[in-house]
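# Remarks on the overall topology
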Amino acid sequence: MYNEIEWNNTPQDKDEVTVRTPVNIAVIKYWGKRDEKLNLPLHSSLSVTLSMENMYTETSARRSKDTVFCINGKIEAPTKRFDRLINKIRKDHPEANVDITTHNTFPTAAGLASSASGYAALACALKLLYPTRSNVSELARLGSGSACRSTAGGFVFWEKGVEVGGEDSISEQLFTADHWPELRILVCVVCKDEKAVPSTAGMQSTVQTSNLMKHRVLHVQQRIEQITEAIRLKDFSKFGEITMRDSNEMHAVCLDTYPPIAYLNDTSHQIIRSVHEYNSEKGEVKAAYTFDAGPNAVLFCEEKDLLEVRERIKSKFCGDGGRVSELVECKIGCGPLIKMSS
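This section reports on the structure supplied with the text.

What counts as what
- Residues numbered from 1 in each chain as written.
- Predicted model: local features only at pLDDT ≥ 70, side-chain atom pairs only at ≥ 80, totals over all residues.
- Heavy atoms only, no water.
- Pairing = 2+ DSSP bridges.
- Helix = DSSP H or I, 4+ residues; strand = E, 2+ residues; numbered from the N terminus.
- Axes fitted to C-alpha atoms, helices over the stretch in contact; angles between N-to-C directions.
- Contact = heavy atoms within 4.5 Å.
- Expected span 1.5 Å × (residues − 1).
- Buried < 20%, exposed > 50% of the residue type's maximum accessible area, 1.4 Å probe, protein only.
- Polar contact = N/O pair within 3.5 Å; in protein donor to acceptor, adjacent residues only side chain to side chain.
- Core = buried A, V, L, I, M, F, W, Y, C linked by side-chain atoms within 4.5 Å.
- Salt bridge = Lys/Arg side-chain N within 4 Å of Asp/Glu carboxyl O.
- Parallel < 35°, antiparallel > 145°, perpendicular 65-115°, else oblique.
- Left-handed = near helix turned anticlockwise from the far one by under 90°.
- Nonpolar A, V, L, I, M, F, W, Y, C, P; charged D, E, K, R; others polar.

### So, the sheet that holds strand β16 (residues 326-331)
Pairing in this open sheet of four strands is antiparallel, and the strands run β14-β15-β13-β16 from one edge to the other. Of all strands in the sheet, those with a lone pairing partner are β14 (287-291) and β16, marking the two edges. Here the strands of the sheet are splayed against their neighbours by 25 degrees on average, with no regard to which way each runs. Judged from the six bridges that link them, strand β13 (residues 183-189) and β16 form a sheet pairing that is antiparallel. Across the sheet, residue C188 finds its bridge partner in β16, namely L327. Sheet contacts for helix α6 (residues 236-256): β13, β14 and β15 (297-302); angle to β14, the most-contacted strand, approximately 25 degrees.

This is the structure in structure tokens:
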């Protein structure tokens, strides 16, 4: 049995813990850092937390004499990103070492926010084992920037912050998962391969070479305010348009990078065209797409339109030899869960 973690009420200082953390999908993208080591973004972002029926990371951790890291059944050396996270814990607990076993239920490094879910799980587990004054989203951010948004459910805002040390670059829940119960998400798995250009390397190149990125930084806050109001009003047409425009802009910024970075493939572009054709047929925005740093499409629609949207994608892109290998349906989800003792 799993319960949602409530940091003010969930007991900490445990010897062993198992947590599950969700995937988040940014509707206002995070792309570009002002500090590489601390994963501090150039601008704020906003995401939707996906329900965990099909996609999540599960991490078990226990206090140990030495740190052991097992991911998806393989013993691996701790990464520099993990070291940053646990070293933060060791400021309060110098003795901290953990035996960690973690696995996820979706392709790693394929543009499906696996690192976000994974480092959010590590941050939650470590904070439950070794209580610390640090905000859990701050811990998660040290592992992966977008991981800070997987530490809460519903609609989550990540404040870019201004402090040099990043103390104010944390996430907060804007709306709970039950604010917009009619909203649905359809993840279209186009490719399960790892990205040719990892997100961190891509961001570095963009910040160094893209003129368009300078324009994006100036107006992204206004877009966040607009989409926040659309979510508050549950205005899907406005929510969908802003989501698609921001996805398009992020990938335009990637193409403006030198050398250019192309995360989308032919199928991605065909899905984009199909969504716009569908909306044109309906006379309003009834479906919306967004793409993280990879070719896999994430579609939004309301429950009343889900069957039609899903069948359109299945008929055009799935089946024998289809270019979409898997469709995963989700709702808006809660934040991280802790496994309760039987």
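### As for helix α2 (residues 114-129)
With 16 residues, α2 should cover 22 Å at 1.5 Å per step; its first-to-last C-alpha distance of 23 Å lies within 8% of that length. Counting buried residues in α2 gives 15 out of 16 residues, a clear majority hidden from the surface.

### Points about the side chain of N97
Mapped onto the elements of the fold, N97 is located in the loop between α1 (80-90) and β10 (98-104). By relative accessible area, N97 is classed as buried at 17%. There is a polar contact of 2.8 Å between the side chain of N97 and the side chain of T67. Setting aside residues no more than four positions away along its own chain, N97 makes contact with R62, R63, S64, K65, D66, T67, R90 and Y130.

### Quick notes on helix α8 (residues 303-317)
Here α8 is 15 residues long and its end C-alpha atoms lie 21 Å apart, about the 21 Å a rise of 1.5 Å per residue gives. Against β13, α7 (266-282), β14, β15 and β16 lie the buried residues of α8. Of the residues trailing α8, G319 is marked for its positive phi of about 90 degrees.

### Description of the nonpolar core
As a rule of thumb, soluble globular proteins bury nonpolar side chains together. Core analysis: the biggest nonpolar cluster contains 52 residues, and L50, F239, I271, L299 and F300 have the highest contact counts within it. If you tally residues by element for this core, the top one is β13, at six residues. Setting aside residues up to four positions removed in sequence, L50 forms contacts with P22, V23, I25, M55, I185, V187, C330, K331 and G333. L85, I100, Y130 and I338 belong to the second largest nonpolar core, which has 28 residues in total.

### What about the pattern of salt bridges?
What the rule picks out here adds up to 23 salt bridges. Between R62 and D99 there is a salt bridge; the shortest N-O distance is 3.1 Å. Of the two residues, R62 is situated in strand β7 (residues 57-63) and D99 in strand β10; the sequence distance between them amounts to 37 residues. A salt bridge links E284 to K286, with the shortest nitrogen-to-oxygen separation between them at 4.0 Å. In the salt-bridge network here, residues are joined through shared partners; they are E284, K286, E302, K304 and D305.

### As for the packing of α1 against α2
Interaxial distance between α1 and α2 falls to 11 Å at its minimum, and their mutual angle equals 20 degrees. Judged by the inter-axis angle, α1 sits roughly parallel to α2. Relative to α2, the crossing made by α1 is right-handed. Mapping the contact onto sequence places R81, F82, L85, I86 and I89 in α1 and S115, Y119, L122, A123 and L126 in α2. Across the contact of α1 with α2, the residue classes tally to eight nonpolar, one polar and one charged.

### Let's talk about unusual backbone geometry
The bulk of non-glycine residues show a negative phi, and the bulk of peptide bonds are trans. Cis geometry marks the peptide bond from Y258 to P259; its omega dihedral reads -5 degrees. Within the chain, N39 stands out as a residue other than glycine whose phi angle is a positive 55 degrees. With respect to the helices, strands and loops of the structure, N39 is situated in the loop between β4 (33-35) and β5 (40-41). The phi angle at N72 is positive, at roughly 50 degrees, despite the residue not being glycine. In this structure N72 comes out as partly exposed when scored by relative accessible area, which is 39%.

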